[in-house]
2 protein chains.
Amino acid sequence: MNLYDRFSHANILLSAFLFSICLSAQSADLLTEKQRFVIKDFKTTSGVVLPEVQVGWESYGKLNANKDNVIVISHYLAGTSHAAGKYSPDDKRAGYWDYIIGPGKAVDTDKFFVISTDSLSNAQTKNPKVFTTGPFSIDPSTGRPYGTKFPVVTVRDFVNTQYALLKSLGVTKIHATMGASMGSHQSLEWANAYPDMVERVISVIGAGEANVWSKADIGRWANEIQNDPNWNNGDYYDGPYPIDGITRAMWGMLFSVYHGHFLDQKLKTSIDKDRGPWEDITAKFEVTTWLEKIAASRASVFDPNAILYLARSCQLWRLGHGDSLAEGIKPIKAKILLLPAKHDEILGSYMTKQFYNALLMQNKRVQYEEIVGPWGHMDGIYAIGTKTKEIEAFLNTD
Amino acid sequence: MNLYDRFSHANILLSAFLFSICLSAQSADLLTEKQRFVIKDFKTTSGVVLPEVQVGWESYGKLNANKDNVIVISHYLAGTSHAAGKYSPDDKRAGYWDYIIGPGKAVDTDKFFVISTDSLSNAQTKNPKVFTTGPFSIDPSTGRPYGTKFPVVTVRDFVNTQYALLKSLGVTKIHATMGASMGSHQSLEWANAYPDMVERVISVIGAGEANVWSKADIGRWANEIQNDPNWNNGDYYDGPYPIDGITRAMWGMLFSVYHGHFLDQKLKTSIDKDRGPWEDITAKFEVTTWLEKIAASRASVFDPNAILYLARSCQLWRLGHGDSLAEGIKPIKAKILLLPAKHDEILGSYMTKQFYNALLMQNKRVQYEEIVGPWGHMDGIYAIGTKTKEIEAFLNTD
């Protein structure tokens, strides 16, 4: 079993019953392929010029003659551009939002050209379909991986790679941008960065900015990587791998995205039978070791530096990246659908509500609908099916 | 500045403006002293006999002739028995619940004999007023600290030390038990363990049991201690101190007890001006380093093993410690006032609501009132003043 299979296995383990609904609704027909887009001399918002940036992308549906049926999907921190369909009919699983993207679905690929890209610094470096540029890429000036010499990149930079790709395809109008979590940030940033281009935004489990708590919460798990001596200030590609740090980071990230309801439902019965912790102060509870196993699988797929950079982009997140959220809202012309998850504990509905109110204060067109599911943050992926009607209606009205 | 002063300083730093209300209401008159109670051959619920257990306690008000005006206060994990008053008029701060305990206050010491004890394994071992037995105590069979040979102790064990103390005072009826967080667990356990003795329970920021998520959440910071090689399987009293582990544990504990609202209010302005994280992937956000400073102060006051044992008692918490919560509720005769904090993120109001419903299912007399404050879990301490009327009414009716 190679590393990528182990990751998939972990996901399946984690999602044992979660995907049962989604799997039954998968469209066997929708096939896609990973494509490569190359940008020369990409200038980051921090002012650094990267001689070459590669971006992985895929699409579902067809671009119409007017090139005005485009929906741009951005992925969450641990994800890739594989939002729907399969690369091959033999794939065990389809993309993460296959439940809502496809022929005749809420995001109807019979009607829309849906395009999905990898974020810069995409972390799934052991996934054979991932090659998007990041700190693990070779710095042409040294012939070695960038490591921490890679510039800090922001959500705006991710959007700018998408912009370059769309420009290369001749697209000047976007019907909608859409994404969950870190993908929500991108979908919103589009409406600030290119307000005349974006007509609609669907922000799933997102907010207008990372608050102080979020910065600490993300740092809590991301800094685990830096705490591992093998991280070696990001220069570990020729030396021992910071496996402890990345595993602990993945543990923290996993734990953050699930609500207590879900863990209770999954593990309560077996934990009640476990007498170890009653007798031995060093014994760990099953929930901890269960998460450790999944974290270990993820750790072997994700590049630690990439995770650090993605985490940082989320810590720095504020619509428009200016001095205030209000300022970032000002240029927006798109209408916005906010889909927070009611039980989300990291980008909680209270943060989305604050953003909603800030949008209303500036008379922006915005609709707020809570996803109610058992998983917490992950309801934005697993329970998205409860909002198909709202998504479909939002996409098909002006 | 000795260690204890440094801890106080950290608390003051943390609470700069938090205590302004409370301090103004402090009763200069209420003085108390720490007393010592010794139990010989204390048998833990796990069946281990400890040859000697010392318990620190203090009281406010006077025991009446009928010995039926007793209110038992239990403290939260990081606290001590110092719930109200001062040890000396020169003390900078009074006990943590001084706002509600004292002459003429909600818990009226003109009327009630309020008794407060240290939990077993009290962690403030560098506090000169703390001497309660724990893993840091000398094991008479070896002449060295118990370390991990100390038995796993539960909330029931804490209650049993209180029971022994009350018995020594000739008390057979308790007007009310009361506590916050880990103290809430104790106040509730009393009603299961000694149902004919306890008339009322006030459970503040508590729930009926630790759910699976709680076990992992507590383990997430507590296990930091075990992850420090200097912890040396609990045998560090003669060697290097596991300062990194305990500091990281304190960081996690601190972070858990505050809601995002509070951190945002406290640090937003300065964080917005900090350009470090925009330019350097290794830079930490101010919120992280701010918490690190406070965590370091606490780390120097708390014994790491003691924290591990207290954390475990909270992980193992279930009313009655039996096979189900319903079974633990059954014997209760006391009426119960539940005071969860609406924005609590570790013993959240959803957990208290589940417990409330479980109590109603068995026709128990129970009242549920949410504390609404900006601090999260800590609202049970800092915002308790918003529930003085409810507490007073509950204590003064049958």
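Going by the structure above, here's the rest.
Everything quoted here is computed from the prediction, not taken from an experiment.

Draft legend 1. Summary view of the relation of the copies chain B and chain A. By a simple turn and slide, chain B fits onto chain A: the slide is 0.0 Å along the axis, the RMSD is 0.0 Å, and the turn is 180°. The superposition operator between the copies reduces to a two-fold rotation axis. Looking at the rotation axis and the C-alpha trace of chain B, the residue lying nearest is Glu-345 of chain B, at 4.2 Å. Residue by residue, 100% of the interface of chain B is reproduced at the interface of chain A, so both copies engage with the same surface.

Draft legend 2. Inspection of unusual backbone geometry at higher detail. Its identity is not glycine, yet Asn-233 of chain A carries a phi of approximately 55°, on the positive side. Here Asn-233 of chain A is to be found in the loop between α5 (212-227) and α6 (243-256). Taking relative accessible area as the criterion, Asn-233 of chain A reaches 46% and is therefore assigned partly exposed. The backbone of Ile-205 of chain B shows a phi angle near 40°, a positive value even though the residue is not glycine. Here Ile-205 of chain B lies in the loop between β10 (200-204) and α5 (212-227). In this structure Ile-205 of chain B comes out as buried when scored by relative accessible area, which is 1%.

Draft legend 3. Structural context of the interface of chain B and chain A. Opposite the 55 residues of chain B that make contact, chain A presents 55 residues. When the two sides are added together, the surface that chain B and chain A hide from each other amounts to roughly 4700 Å², 61% of it contributed by carbon and sulfur. Counting the surface chain B buries against chain A, the share from its top three residues, Arg-220, Trp-278 and Ile-281 of chain B, is 19%. In this structure, the connection of chain B to chain A is made through 6 salt bridges. Where Arg-248 of chain B meets Glu-224 of chain A, a salt bridge forms, and the shortest distance between an N and an O atom there is 2.9 Å. Where chain B touches chain A, the interface holds 16 residue pairs in polar contact (both at pLDDT 80 or more). Of all the elements in the fold, those that place two or more residues in the side of chain B that touches chain A are α5, α6 (243-257), α7 (260-273), α8 (276-279), α9 (286-299), α10 (304-315) and α12 (349-361) of chain B. Here the side of chain B that touches chain A takes 11 residues from α5 of chain B, the largest share from any one element.

What counts, and where the lines are drawn
- Residues numbered from 1 in each chain as written.
- Chains lettered and ligands numbered in written order.
- Predicted model: local features only at pLDDT ≥ 70, side-chain atom pairs only at ≥ 80, totals over all residues.
- Heavy atoms only, no water.
- Least-squares fit on C-alpha atoms with pLDDT ≥ 70 in both.
- Contact = heavy atoms within 4.5 Å.
- Helix = DSSP H or I, 4+ residues; strand = E, 2+ residues; numbered from the N terminus.
- Buried < 20%, exposed > 50% of the residue type's maximum accessible area, 1.4 Å probe, protein only.
- Buried area = accessible area lost by both parts, 1.4 Å probe.
- Salt bridge = Lys/Arg side-chain N within 4 Å of Asp/Glu carboxyl O.
- Polar contact = N/O pair within 3.5 Å; in protein donor to acceptor, adjacent residues only side chain to side chain.

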